[in-house]
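Chain residues, written in single-letter form:
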Amino acid sequence: MFGQKRRKKYSQIDWPRLQALLEDDARRAAVECLYPTVRNESFLTALRRVDPQLAADVMALGRQVFHGARLAEYPTLAVAGMLNSGKTSLVASLLSSRGRERTLRGVANHQGTHRFVLWLPEKWRQEESLWQLLLEDFGNAVGEPPELLADQPDAAHEQYNNRSGGAGALGIPLVATDPALDELGIGLLDCPDIVSDEVFGVGSPERRRELLGKASTFCSAFLVVSTPSMARDRSLGDILQTISDLMPGIPRLLAVNKIRPAQTPEEVLDSFDPQASKFGVERVYGAYDFEIPKSDPFIPKTAKQGDHEITIENSTEDPLPIFFSLSKEADNNPPAEISADRLLTQLTTELERPESSDRFLMGRQAALRRAIWDVGMDTVESDAQTSIKLTQRARRTLLDTTISLFTKQTPGGAITEVRMHQSGRIVRQLADAFCDAAPWYARWGVRINTFIQGRAKAATDLIKQYAPTALAEKYAESIKEKFKAKKVGHLVDPEDLDGSLRRFGAPLTLPQWFAGENDPVDPAAWRQVMNDVLQTFDENDRVQFDSDQLRIVAEEMWQQIPRHKKLAFGLTPLAAMLAAFGSILMLPFDFGTSILANASIVELLAAAGLTAFSAYWAGGKNAQTLSNQAAVEQMSMFYVLLCQRIGIDPGNPLPSIQLKQTKIPFPTPNLSVSSVNDTMRHLPVYRMRDSFRQELSGIIPRQGK
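Nothing here was measured: the structure is a model prediction, and the numbers come from that model.

Engineer: I'd like to hear about the packing of helix 20 (residues 547-558) against helix 24 (residues 621-646), residue by residue, with values.
Structural biologist: Contact geometry for helix 20 and helix 24: axes closest at 10 Å, N-to-C directions at 140°. If you check the angle between helix 20 and helix 24, you find them oblique. As helix 20 runs across helix 24, the sense of the crossing is left-handed. Together, Gln-549, Leu-550, Val-553 and Glu-556 of helix 20 and Asn-622, Ala-623 and Leu-626 of helix 24 make up the contact between the two elements. A per-class count over the contact of helix 20 with helix 24 returns 4 nonpolar, 2 polar and 1 charged.

Structural data, given as structure tokens:
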């Protein structure tokens, strides 16, 4: 619709370029997915994930801007005239044969135009949403929703003539499309007779002028159709005055129809000159009466178009007037050959698009800008920020759970001591180091790793390995019972892990598992995850002490024990120590492999009755550094595995813990690739990319220019 030469007062949105950016999921992507897999996500993909309807709206608005920008280049020519001036015949001359059948032509009142009829290029209907918006826009302009012109000629004629609608139907415009207008690149507003008398009951002249003023924003130019006899007719002056008042900035044209061969084009032009000059008519067109044979020389059959000659087609069965611009020079008028740009059909190349075109396009562009910036960007960015906040909350739950399982804390939550998972690797390393550093008298009666040759097959084998006497075995059993009664350390089984997670808010912070409920959405899968976390941790836990540092600490510790000291149980310190270690190795046979025995070395030594050793380990700087380092490595591994199994990004860098006055960061754990089994339930993490925002601003600024 609308004109082609208007100087642009605002920048148009390049939808193909913008769409390419919105769909780019590579270098120019809008969103970066940080978890569970690192990848880029396009703006539209992210929007479809969060709000599919909004993504569809953005695409629809983009298509409207794209198609609307092209269609809005078509100007619209308003055509008006007195009854029987041939106004609708002029309109019909620009339509296809099918369109002509739907127009109402004739000299009787029942063949007059008593409704506004907007004819548009057929292309407008190819984009349904755009078509509906245009109808809405046109309806808003005139004050009533438009009515589609019927496809059947008889029904269309009734609408044209307003035979059943009465005066009220005058304000309801008719809209139709025609493929011939696609080629011409023009729209046509066929207006009812502006100064028609109210006696016909189809609307007063005042009402018609009011409606014409409302529809004027849809017009690029106004063409008044007259006949030679109306050159000095007051009615013509009234029409031109009305147009001048209602549309002061719109070009005014005059088309004189039914010229008789007795009048030359120059004479016709001269007769209309007073009216044309008075009301600023920029050009006068003329068409000779094709029903009079002598008019034939004045009806153009061909026209020059550059170096070529084009044929002007006109059906012999349904002939129509051929309008051409009149010249004051006789040699430039028919029967002389004229140039193609003199034909009315070429007027579109000179017209600007109307005000409504700018309004319509600016409205579509503003809607697209709002959909992308005010709604789309805010939605995607809010989703990314929410994903980060949810992940931070979930991390807090998993970190607090890890800390509770691997530390001793004050009622206020301050960590006083770290606990280690007393794995077989750690226990054997401690036992070997303490035995190697023990003086000869402390080893009397204790044989290390000699009772069992080969692989231990039962708890009795293990206890005999480290506590080979019945007294030591009984002693180890008592320490094991302290573990089970939670008097020493912390035994972590699947139920305990589940309880700890819930205590720290898992139902609220792990929506992918709990969906806001108190119990998991898939209890069996949740229980399996609890088992998997413990088993996988045990499989991956290869943490051990620094051998040299452990040897130094063991030697220092033995120096704290008085010579020949015996315990109340009748065991040597080394035997008691090995009995404590043996008790830990017995636990899996009672509970299975899905259990962690977490305890600090201080707790183990105290449980063994080795208060001097326990005091040394609690206060010795080297001992504390050694155990803290190994314990934090285990905590980090457990935390990361817990995150992986539950589907939470552990973060980079990993979190830290506050141990007394020292902040200790979690080191990156060394996990075997085979153990990193992923979960199907993730809490994804997204982040908006600043580069996308900058490039988007370059194509469609947030504030329209």
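Engineer: Residues and numbers for helix 7 (residues 153-161), please.
Structural biologist: Owing to its 3.6 residues per turn, the α-helix brings residues three or four apart onto one side. If you check which residues of helix 7 are buried, you get Pro-153, Ala-156, His-157, Gln-159, Tyr-160 and Asn-161. Residues of helix 7 that are buried make contact with helix 4 (87-92), helix 5 (97-102), strand 4 (117-121), strand 5 (147-148), strand 6 (174-178) and strand 7 (187-190). Looking at the residues trailing helix 7, positive phi occurs at Asn-162, about 55°.

Engineer: Describe the packing of helix 13 (residues 424-437) against helix 20, naming the residues involved and giving the relevant values.
Structural biologist: Where helix 13 contacts helix 20, the two axes come as close as 9 Å, and the packing angle between them is 50°. Classified by the interaxial angle, the pair formed by helix 13 and helix 20 is oblique. The handedness of the crossing between helix 13 and helix 20 is right-handed. Counting all contacts with helix 13, which are made through Gln-429, Leu-430, Ala-433, Phe-434 and Ala-437, the residues of helix 20 involved are Ser-547, Leu-550, Ala-554, Glu-555, Met-557 and Trp-558.

Engineer: Describe in detail the packing of aromatic side chains, supporting the description with residues and values.
Structural biologist: A full pass over the atoms with the stated rule returns 8 aromatic pairs. Ring geometry for Tyr-288 versus Phe-298: centroids 4.6 Å apart, planes at 15°, classification stacked. With Tyr-288 in strand 10 (residues 281-288) and Phe-298 in the loop between strand 10 and strand 11 (302-305), this residue pair connects regions lying 10 residues apart in the sequence. Summarising the aromatic geometry, the rings of Phe-537 and Phe-638 are spaced 5.5 Å apart at their centres and angled 80° between planes, so their arrangement reads as edge-to-face. With Phe-537 in helix 19 (residues 523-540) and Phe-638 in helix 24, this pair connects stretches of sequence that are 101 residues apart. Looking at Phe-537, the relative accessible area reads 0%, which means it is buried. Here Phe-638 falls in the buried class, since its relative accessible area comes to 0%. Taken together, the aromatic side chains of Phe-406, Phe-537 and Phe-638 make up a single cluster linked through ring pairs. The positively charged end of Arg-49 is found above the aromatic ring belonging to Tyr-686, 3.7 Å away from the centroid.

Rules of the game
Residues numbered from 1 in each chain as written. Predicted model: local features only at pLDDT ≥ 70, side-chain atom pairs only at ≥ 80, totals over all residues. Heavy atoms only, no water. Axes fitted to C-alpha atoms, helices over the stretch in contact; angles between N-to-C directions. Helix = DSSP H or I, 4+ residues; strand = E, 2+ residues; numbered from the N terminus. Parallel < 35°, antiparallel > 145°, perpendicular 65-115°, else oblique. Left-handed = near helix turned anticlockwise from the far one by under 90°. Contact = heavy atoms within 4.5 Å. Nonpolar A, V, L, I, M, F, W, Y, C, P; charged D, E, K, R; others polar. Buried < 20%, exposed > 50% of the residue type's maximum accessible area, 1.4 Å probe, protein only. Phe/Tyr/Trp six-rings, centres within 6.5 Å; stacked < 30°, edge-to-face > 60°. Lys NZ or Arg CZ within 6 Å of the ring centre and 35° of its normal.

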